[in-house]
Amino acid sequence: MANSPQAKKRARQNENHRKHNASLRSMARTYMKKVNVGIESGNYEEAQAAYQKCQPIIDSMVNKGVFEKNKVARQKSRMVAKIKGLKTA
């Protein structure tokens, strides 16, 4: 347990930051799920529109430190590949 005033303040700040980051992470995951729903439904236009909304949001989460850069790049690459697969199918 934190004893000094500085350590107590840092503990409070860390808890607030954790809650804020959890909210951002949940929002980003919701947008990613919407893309996956579009892909699973087989609707190219719906999946593409959902990806267009999702892409800037998850990129901003990288800048905020919520997600790692390579993780987001990998997820975006997989989503785009699946969306392109819908167009050819």
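Residues numbered from 1 in each chain as written. Predicted model: local features only at pLDDT ≥ 70, side-chain atom pairs only at ≥ 80, totals over all residues. Heavy atoms only, no water.

Observations concerning the overall build of the chain
Piece 1. Helix and strand counts for the chain come out as three helices and zero strands.
Piece 2. Helices and strands in the chain line up, N terminus first, as α-α-α.
Piece 3. The principal-axis extents of the C-alpha atoms in the chain amount to approximately 65 × 20 × 20 Å.
Piece 4. Within the chain, the proportion of its 89 residues that are buried is 24%.
Piece 5. Restricting to contacts in the chain with at least 6 residues of sequence separation, those with at least 24 account for 62%.
Piece 6. For the chain, the computed accessible surface area is about 6500 Å², with 50% contributed by carbon and sulfur atoms. (Helix = DSSP H or I, 4+ residues; strand = E, 2+ residues; numbered from the N terminus. Buried < 20%, exposed > 50% of the residue type's maximum accessible area, 1.4 Å probe, protein only. Contact = heavy atoms within 4.5 Å. Areas by Shrake-Rupley, 256 points an atom, 1.4 Å probe, with all protein chains shown as cover.)

Regarding the packing of aromatic side chains
Piece 1. For the coordinates displayed, the defined rule picks out zero aromatic pairs.
Piece 2. Between the NZ or CZ atom of Lys34 and the centre of the ring of Tyr31, over which it lies, the distance is 5.2 Å. (Phe/Tyr/Trp six-rings, centres within 6.5 Å; stacked < 30°, edge-to-face > 60°. Lys NZ or Arg CZ within 6 Å of the ring centre and 35° of its normal.)

Topic: the nonpolar core
Piece 1. Met32, Val35, Ile58, Met61, Phe67 and Met79 are the most contacted members of the largest nonpolar core, which has 18 residues in total.
Piece 2. Going through the elements one at a time, helix 1 (5–41), helix 2 (44–63) and helix 3 (69–88) are the ones with two or more residues in this core.
Piece 3. Considering each element in turn, this core owes the most residues, seven residues, to helix 2. (Core = buried A, V, L, I, M, F, W, Y, C linked by side-chain atoms within 4.5 Å.)

Some details on a positive patch on the surface
Piece 1. Taken together, the side chains of Arg29, Lys33, Lys71, Arg74, Arg78 and Lys82 define a basic patch exposed on the protein surface.
Piece 2. Mapped by element, the contributors of at least two residues to the positive patch are helix 1 and helix 3.
Piece 3. When residues of the positive patch are assigned to their parent elements, the largest contribution, four residues, is made by helix 3.
Piece 4. Counting through the fold element by element, Arg74 comes out in helix 3. (Patch = residues over 30% accessible without salt bridge, like charges linked within 9 Å, V, L, I, M, F, W, Y side chains within 5 Å. Salt bridge = Lys/Arg side-chain N within 4 Å of Asp/Glu carboxyl O. Lys, Arg positive; Asp, Glu negative; His and termini not counted. Charge placed at Lys NZ, Arg CZ, Asp CG, Glu CD.)

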